[in-house]
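# Topology and contacts: notes
This is what each chain is made of:
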Amino acid sequence: MLLKKAAAAAVAALLATAAQAQISDGVVKIGVLSDMSSLYADIGGPGSVVAAKMAVEDFNPAKHNMKVEIVSADHLNKPDVGSSIARQWYDTDKVDAIVDVPTSSVALAVSQITKDKGKAFLISGAASSDLTGKACTPNNVHWTYDTWMLANGTGSAITKTGGDTWFFITADYAFGQALERDTEAVVLKSGGKVLGKVRVPLNTQDFSSFLLQAQSSKAKIIGLANAGGDTTNSIKQAAEFGIVKGGQNLAGLLVFLSDIHGLGLDKAQGLIFTETFYWDLNDQTRAWAKRFAAANGGKYPTMVQAGVYASVLHYLKAIEAAKTDDGTKVVAQMKAMPTDDPLFGKGTIRADGRAIHPAYLVEVKKPSESKGPYDYYKIRATIPADQAFRPLAEGGCPLVK
Amino acid sequence: MAATSQNISVTAPLASAEARRQRIGFVVMVAILLVAPFVVYPVFLMKVMCFALFACAFNLLIGFGGLLSFGHSMFLGTAGYICAHAAKEWGFPPELAIVTGTAASAALGLITGLLAIRRQGIYFAMITLALAQMLFFFYLQTPFTHGEDGIQSVPRGTLFGVIDLTSVWAMYFTVLAIFLGGFLAIYRAIHSPFGQVLKAIRENEPRAVSLGYSADRYKLLAFILSATFSGLAGATKAIVFQLASLTDVHWSMSGEVVLMTLLGGLGTVFGPVVGALIIVAMENYLSPFGAWVTIAQGAIFVACVLTFRRGIVGELAARFGSKGNG
Amino acid sequence: MEIFGVPTQALFGQLLIGLINGSFYALLSLGLAVIFGLLNIINFTHGAQYMMGAFCAYFLLTKAGVGYWWALAIAPVAIGALGVVIERLMLKQLYELDHLYGLLLTFGLALIIQGLFRNEFGSSGQPYAMPAELSGGHNLGFMFLPNYRAWVIVASLVVCLGTWFVIEKTKLGSYLRAATENPSLVQAFGINVPRMITLTYGFGVGLAALAGVMAAPIYQVSPQMGADLIIVVFAVVVIGGMGSIMGAIVTGFGLGLIEGLTKVFYPEASNTVIFIIMAIVLLFRPAGLFGTPK
């Protein structure tokens, strides 16, 4: 399964006669592999391609005597499609790095192939904390977020403020299960109890029966261990069944700006969750977001798309510093260099591939509090970078000794 | 599906002109497959071969047995899962894993065949669909398949202890050997006395029964053979792609194999191979265009049913004056 | 109070939800049963036509400002008309052939339609606002029942029973049934059989579209919405008896209830139970629970 998206504006720079770096085939080729048409298309999707291109533009390859090209493809949220594309990209299309990949099951497959072929995998969309845990590789960098961070941010904040009995509605695949597992651990550690859980196939349309089970469990908090359309569907239908009116609260364990946009503030108000990027944090993020929205049909960036930008930028800087685009070496270089970009600020990448940056506990504004398009969040707390992610020793990553 | 056949003689062996045409066709196919990997991405070709074998196995049942199964994905997928599990969790070498997967599909074919053969026509199709769906949901839930993630990182292993299959060339020629072996076995089955009786049953079951043949037993045997070779395709695919996932047991996969066989030509020898090649190539090259693949597949279905019922190979054969592809 | 270890409240709640799902199954399988029973066509496009009904409602609302109640009337007619076109252009040619060709043709059409919509809209689904008159709900004690879902049950029952009545108990229905059994004879009596067949197909398709409009406010209006549903609906029709109208209705509601029960006691099997029943029925009574062997 091949290919460049038609008319993808490849950013090509003039190649100087003497190349400064040992770039394979003379071109650094970056493949944006995402869900372009389905459940997670608004979270990553075409927006991730936009973000990647912006990163290349801002890096300005011409200035560094490099040539960079971007291709993209749709993995349809299926591991077999994703791994086929990855394999073909690496084998015949000379792609050097794959970025984004929302959907943890696809990411796990691509991660394995990337390791086998010695390339680089810059993960922004996928969530499973196993990618820097027991499935870590020397070729992975995991940006933006993972299930442990979400569980810790959202889970502990809610449990400690009174939401101490939980019921989980979980999307039945790697991500959902990891999120449920990590959140359950945090809830129990914070003194809460888990009263029940139910596993739901991906892309379910009707949550009524599961919501009813959640209702009858009488748990104070219904944790939605799902994402994208599954989450918005659950929230909409929960409103229909009067769950919040009946006294229970929904905890969206993974919610994005695009979800809130789709739901509307009247349905989403009061939701509390954790993100690592919000466009309205400071002047730099605001300026970037405006540029992004102009190139993305007016849609503001989600944290996944921001992560694609940041990871591609850091990757290109690392290539220049390491003077090669060999995946394993570049990733090692990425870990050796501190990260710095206008979106996530300053941070580092750990030995297990985990990119460390601050996280934010946000609450969705009421409709009356919002003053403009995409003005959706109040920042309730900032979790400093060194506390936001799972401690290095606890992941079970073989690279960490 | 009686409307697809051409005249076939039940008792006489293959006419020599026909046999010669098919031998030439076989040689051409082998030659192409030997040369192609130097020009075309070998992994793509391996995918084509796996699906071609699947389609040939399916064709055995519908083209020659006259039975449309709408649940054949259960054989492809079961073998894939069992083979992947055997290779990854039990540490089987690839040849043993593939055999195990194939055997699982054969056993499944026996059980489901016993249930399905009792009905005919649309009811047969519906039973196979029901059984395949039950199996799909079973695989969705059961832990060893890991649900949406599938069984990943299946080791390629070392064939017979000597050939390292992580090398693309070793893998390619192994798949080629398996494909040709399966193809020849199916060919042999079609042109044996067994195959002749099967065709007779398809043409006129009461008459065959009155001649003393146990129609149910022949149909069951055809069903099991079809399941076995579908399993072989599925198990091989799992080793090549190092992955076994829900896609292979979903009902849309059953629809795809129908499409491949219909497009290539039901009841022809090379039709399924041609059909598989076209469909897999289409998916590969049209994939950046997203939903156009689905649209194209649908359009092919419609065109084939309305105007092109003999499929590509069937039309070619009719055009160039052969008397059936017996 | 508990029944088999499950609190009655939860049980009744799930049964009610099951009944709601059953309403959709019944409406959809009704259209399919009408088409197969009277025309011997296996209409695999039914799921796509259901989806088009929902999209039609969506377009009416967003492009023309036409609300839900109008959509309930307009969408079935519009999509039914498309069905008529399909029948005239394509299905007509297949009547002489094996049923299975009809199945393959409609399967191909479903792929085309779904693909076209997915191309245009992506898979994620469009929002469709609940009509204001039906929002909110009532607390029944054992669960909170949204008004809209109650409406679905009622409307579905009315449509189903109405259709059954027309087909089984009126003169028009008897012409239809006669025409299926012996078209040339009925034609000899001066009844325009081909036109009746075409209109019947259109009617069946219209029923699918109606179900789509009713689904729009509570499920996502997405190109995929019919794809997995169609298999379940087939199972319902097969179990009920492929030509039996009452069979489809009863099985549709019954299946919703059984699914609801399974979700309480053994949720992992809730998706499978229908296919198990389908397999059993096919083995022991292929004509279905209410059908007559053809």
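Residues numbered from 1 in each chain as written. Chains lettered and ligands numbered in written order. Predicted model: local features only at pLDDT ≥ 70, side-chain atom pairs only at ≥ 80, totals over all residues.

Turning to the overall build of chain A, a few remarks are in order. Counting its secondary structure elements, chain A contains 13 helices and 15 strands. In summary, chain A has a C-alpha radius of gyration of 20 Å against a globular reference of 21 Å for 401 residues, a match within 12%. Judged by the C-alpha coordinates and their principal axes, chain A covers about 70 × 45 × 40 Å. The contacts in chain A between residues at least 6 apart in sequence include a share of 74% that link residues at least 24 apart. (Helix = DSSP H or I, 4+ residues; strand = E, 2+ residues; numbered from the N terminus. Rg over C-alpha atoms; globule rule 2.2 N^0.38 Å. Contact = placed C-beta atoms within 7 Å.)

This part takes up the overall build of chain C. Helix and strand counts for chain C come out as 11 helices and four strands. Relative to the compact-globule value of 19 Å for 294 residues, chain C shows a C-alpha radius of gyration of 19 Å, a close match. The C-alpha extent of chain C, read off along each of the three principal axes, is 65 × 50 × 35 Å. Taking all 294 residues of chain C together, the buried fraction comes to 59%. By sequence separation, contacts in chain C at least 24 residues apart represent 77% of the contacts at least 6 residues apart. (Buried ≥ 20, exposed ≤ 12 C-beta atoms within 10 Å, placed from the backbone.)

Attention now moves to the interface of chain C and chain B. It is common to give the size of an interface as the accessible area that goes away when the parts come together. Across the contact, 34 residues belong to chain C and 35 residues belong to chain B. Where the side of chain C that touches chain B is concerned, the elements lending two or more residues are helix H4 (99–121), helix H9 (229–240) and helix H11 (273–284) of chain C. For the side of chain C that touches chain B, the leading source of residues is H4 of chain C, giving 16 residues. The residue makeup of the side of chain C that touches chain B, split by class, is 23 nonpolar, eight polar and three charged. (Nonpolar A, V, L, I, M, F, W, Y, C, P; charged D, E, K, R; others polar.)

This next bit is on helix H9 (residues 215–241) of chain B. Residues and elements named next belong to chain B. Its 27 residues place the ends of H9 39 Å apart at the C-alpha level, agreeing with the 39 Å of an ideal helix rising 1.5 Å per residue. Most of H9 is tucked away: 22 of the 27 residues are buried. Positive backbone phi, at 60 degrees, marks Gln-242, one or two positions downstream of H9. (Expected span 1.5 Å × (residues − 1).)

A few words on the sheet that holds strand E2 (residues 68–74) of chain A. Working definition: the strands of a sheet are paired by backbone hydrogen bonds and lie parallel or antiparallel to each other. Residues and elements named next belong to chain A. Taking strand neighbours across the sheet as the criterion, the five strands line up as E2-E1-E3-E4-E5 in an open arrangement whose pairing is parallel. Edge positions in the sheet fall to E2 and strand E5 (140–142), since each of these pairs with one other strand and no more. The mean inter-strand angle of the sheet, taken between neighbouring strand axes irrespective of direction, is 20 degrees. Of the strand pairs in this sheet, strand E4 (residues 120–123) and E5 are connected by three bridges, and their pairing is parallel. Within E5, the position partnered with Ile-123 by the bridge is His-142. (Pairing = 2+ DSSP bridges. Axes fitted to C-alpha atoms, helices over the stretch in contact; angles between N-to-C directions.)

A word on the nonpolar core. The biggest cluster of nonpolar side chains holds 361 residues, and the ones touching the most others in it are Val-312 of chain A together with Leu-53 of chain B. At 20 residues, the largest contribution of residues to this core is made by helix H1 (residues 8–39) of chain C. Contacts of Val-312 of chain A, omitting those with residues within four sequence positions, involve Ile-30, Ala-52, Ala-55, Val-56, Val-99 and Leu-122 of chain A. (Core = buried A, V, L, I, M, F, W, Y, C linked by C-beta atoms within 7 Å.)

Okay, the domain arrangement of chain A next. Residue and element names in this part refer to chain A. When the domains of chain A are assigned, the result is domain 1 (24–145 + 281–357) and domain 2 (162–277 + 359–383). Taking only C-alpha atoms, the centre of domain 1 and the centre of domain 2 are 27 Å apart. The interface is formed by 20 residues belonging to domain 1 together with 18 residues belonging to domain 2. Broken down by secondary-structure element, the contributors of at least two residues to the side of domain 1 that touches domain 2 are helix H3 (104–117) and helix H11 (303–322). No other element matches the three residues that H3 contributes to the side of domain 1 that touches domain 2. Broken down by class, the residue content of the side of domain 1 that touches domain 2 amounts to 11 nonpolar, seven polar and two charged. (Domains from an automatic or database assignment.)

On to the confidence of the model for chain C. Residue and element names in this part refer to chain C. When pLDDT is averaged along chain C, the result is 86; 96% of the residues meet or exceed 70. When pLDDT is averaged over each helix and strand of chain C, the minimum, 62, is found for strand E1 (residues 2–3) and the maximum, 93, for helix H2 (residues 46–64). Here the predicted complex scores 0.87 on pTM and 0.83 on ipTM. (pLDDT = per-residue confidence, 0-100.)

So, on to the interface of chain A and chain B. Taken residue by residue, the interface counts 27 residues in chain A and 18 residues in chain B. Going through the elements one at a time, E2, helix H2 (79–91) and H3 of chain A are the ones with two or more residues in the side of chain A that touches chain B. A per-class count over the side of chain A that touches chain B returns 13 nonpolar, seven polar and seven charged.

Residues and elements named next belong to chain A. The buried fraction of E2 amounts to seven of the seven residues, a majority that puts the element mostly inside the structure. Of the strand pairs in this sheet, strand E1 (residues 28–34) and E2 are connected by seven bridges, and their pairing is parallel. Its bridge partner lying in E2, Val-32 is registered against Ser-72. Handedness of the β-α-β unit built from E1, helix H1 (residues 45–59) and E2 comes out right-handed. (Right-handed = clockwise from strand over helix to strand, strands pointing away.)

Residue and element names in this part refer to chain A. Spatially, four strands are ordered E7-E6-E8-E9 in an open sheet, and the strand pairing comes out parallel. Looking at strand neighbours, the two that pair on one side only are strand E7 (193–200) and strand E9 (249–252), the edges of this open sheet. When the angles between neighbouring strand axes are averaged without regard to direction, this sheet yields 20 degrees. Judged from the five bridges that link them, strand E6 (residues 165–171) and strand E8 (residues 221–225) form a sheet pairing that is parallel. Within E8, the position partnered with Thr-170 by the bridge is Ala-225. The strands that helix H6 (residues 208–217) touches are E6, E7 and E8; relative to E7, the one it contacts most, it runs at about 170 degrees. Along the sheet, helix H7 (residues 229–240) makes contact with E6, E8 and E9, crossing E9 at roughly 170 degrees.

Okay, unusual backbone geometry next. One non-glycine residue, Lys-94 of chain A, adopts positive backbone phi at about 60 degrees. By secondary structure assignment, the location of Lys-94 of chain A is in the loop between H2 and strand E3 (97–100). The phi angle at Gln-242 of chain B is positive, at roughly 60 degrees, despite the residue not being glycine. With respect to the secondary-structure elements, Gln-242 of chain B resides in the loop between H9 and helix H10 (251–264). When the 23 C-beta atoms within 10 Å are taken as the criterion, Gln-242 of chain B is described as buried.

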